[in-house]
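Chain by chain, the residues:
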Amino acid sequence: MNSFEYSSTDTDQLEVEPGNTETVSPEPLPISVSVVIPQATPALSPVVEEEKPVNTDLPTAAPPVEVESFPQITNELTYSCLLLPRFSDHYLSGDVVKDLEIWLKEVCISYGWRLNSITIRPGYLHWLVTVPITANPAKVIKVTCQQTSQKIFEYYPRFKRKNLSLDFWAPGFSVVPGSAPHTMETINNFILQIRRQQGIF
């Protein structure tokens, strides 16, 4: 009977009698190998955005906005002016009336004033004039007296024979702010006042 010995080596061997030795290799154990084959990712199709229609409509108008109006500040003032001849018997009548109206218009245009109305009576000159707000009404009267007196004495020398001054008009004047003309009562009272100051009445 043959005897054998088992040794734990990498390769198990069975030893038998000398001269009759075989090597027995153990059968390899089955190895389970799992292979994961990645699936091909489907190609992504390009995303095409849908073309939006172009809006060709004109923009709608904005609703009207109400703006609060403010009162306008005027840069002009209107005055009612009154002058008397220096001598009570130097009447404003005849040709001098037409010429005086022309001369007064020329004065207003020359100095940037606006002549609104003019009234010439034998005993007085009354007019409405609009001037810049910075104009001094006393200066308006002074310029008017100087310019018209020069014309009157030049074209009507008969007035100069009695009036030895260079001013055709009586001292003193009446100026009332506003577009309302002098009333007849105001005119009569003014005439009486001036003549008393002159010592005529």
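Just above sits the structure.
One numbering rule holds for all chains: residues counted from 1, following each sequence as written. Local features in this predicted model are restricted to residues of pLDDT 70 or higher, and side-chain atom pairs are both shown and tallied only at a pLDDT of 80 or more, whereas totals for entire chains, interfaces and linings draw on every residue. Values shown for side chains rest on all heavy atoms present in the structure; no hydrogens or waters enter the calculation.

Focus: the packing of aromatic side chains
Part 1 of the reasoning: Stacked, tilted and edge-to-face are the three classes applied to pairs of Phe, Tyr and Trp rings, where Trp contributes its six-membered ring and a pair requires centres within 6.5 Å; stacked means planes under 30 degrees apart, edge-to-face means over 60, and tilted covers the rest. Across all of its chains, the model carries seven aromatic pairs by this definition.
Part 2 of the reasoning: Ring centres of phenylalanine 153 and phenylalanine 168 lie 6.3 Å apart, and the angle between their planes is 70°; on these two criteria the pair is classed as edge-to-face. Residue phenylalanine 153 is found in helix α2 (residues 137-155), and its partner phenylalanine 168 is found in the loop between α3 (158-162) and β6 (174-177); the two are separated by 15 residues along the sequence.
Part 3 of the reasoning: Here's how the labels work: a residue is buried when its accessible area is under 20% of the maximum for its type, exposed when over 50%, partly exposed in between, all with a 1.4 Å probe on protein chains only. Phenylalanine 153 sits in the buried class, given a relative accessible area of 8%.
Part 4 of the reasoning: Three or more aromatic residues link up through ring pairs in this structure, and these residues are Trp103, Phe153, Tyr155, Tyr156, Phe159, Phe168 and Trp169. Strands here are runs of E lasting at least two residues and helices are runs of H or I lasting at least four, both read from the DSSP assignment and numbered beginning at the N terminus.

Examining the nonpolar core
Part 1 of the reasoning: Here, the term nonpolar core denotes a set of buried Ala, Val, Leu, Ile, Met, Phe, Trp, Tyr and Cys residues that are joined through side-chain atoms within 4.5 Å. Grouped together as the largest cluster of nonpolar side chains are 26 residues, with contacts concentrated most on Leu100, Trp113, Leu125, Trp127, Val129 and Trp169.
Part 2 of the reasoning: Setting aside residues up to four positions removed in sequence, tryptophan 113 forms contacts with Val107, Cys108, Val129, Thr130, Val131, Pro132, Val140, Val143 and Thr144. By the convention used here, residues are in contact when the closest approach between their heavy atoms is within 4.5 Å.

Side note on the layout of surface pockets
Part 1 of the reasoning: Approximately 150 Å³ is the volume attributed to the largest pocket.
Part 2 of the reasoning: With a 1 Å grid spanning the protein atoms alone, the term cavity applies to any set of points in which a 1.4 Å probe fits but cannot get out, the term pocket to an open set with protein on both sides within 12 Å along at least five of seven lines, and the term lining residue to any residue with an atom within 4 Å of a point. Around the largest pocket sit 13 residues that line it, and Ile141, Lys142, Cys145, Gln146 and Asp167 are the ones nearest its centre.
Part 3 of the reasoning: Take the lining of the largest pocket: its biggest share by element is six residues, from α2.
Part 4 of the reasoning: Residue polarity is assigned by list, with Asp, Glu, Lys and Arg as charged and Ala, Val, Leu, Ile, Met, Phe, Trp, Tyr, Cys and Pro as nonpolar; anything else, Gly included, falls into the polar class. In terms of residue class, the lining of the largest pocket is built from eight nonpolar, three polar and two charged. Grid points are joined across faces, edges and corners, and a volume is the space filled by probe spheres set on the points.

Things to note about α2
Part 1 of the reasoning: The end-to-end C-alpha separation of α2 is 27 Å, in line with the 27 Å expected for 19 residues at 1.5 Å each.
Part 2 of the reasoning: Every buried residue of α2 is accounted for by Val140, Ile141, Val143, Thr144, Cys145, Thr148, Ser149, Ile152 and Phe153.
Part 3 of the reasoning: Looking at the buried side of α2, the elements it contacts are β3 (76-83), α1 (95-110), β5 (124-132), α3 and β6.
Part 4 of the reasoning: In protein, a polar contact means a hydrogen-donor-capable atom and an acceptor-capable atom, both N or O and within 3.5 Å, with residues adjacent in sequence counting only if both atoms are side-chain atoms; elsewhere, any N or O pair within 3.5 Å suffices. The opening residue of α2, the one whose side-chain oxygen lies 3.0 Å from the backbone nitrogen of alanine 138, is asparagine 136. To estimate the expected span of a helix, count its residues, drop one, and scale the result by 1.5 Å.

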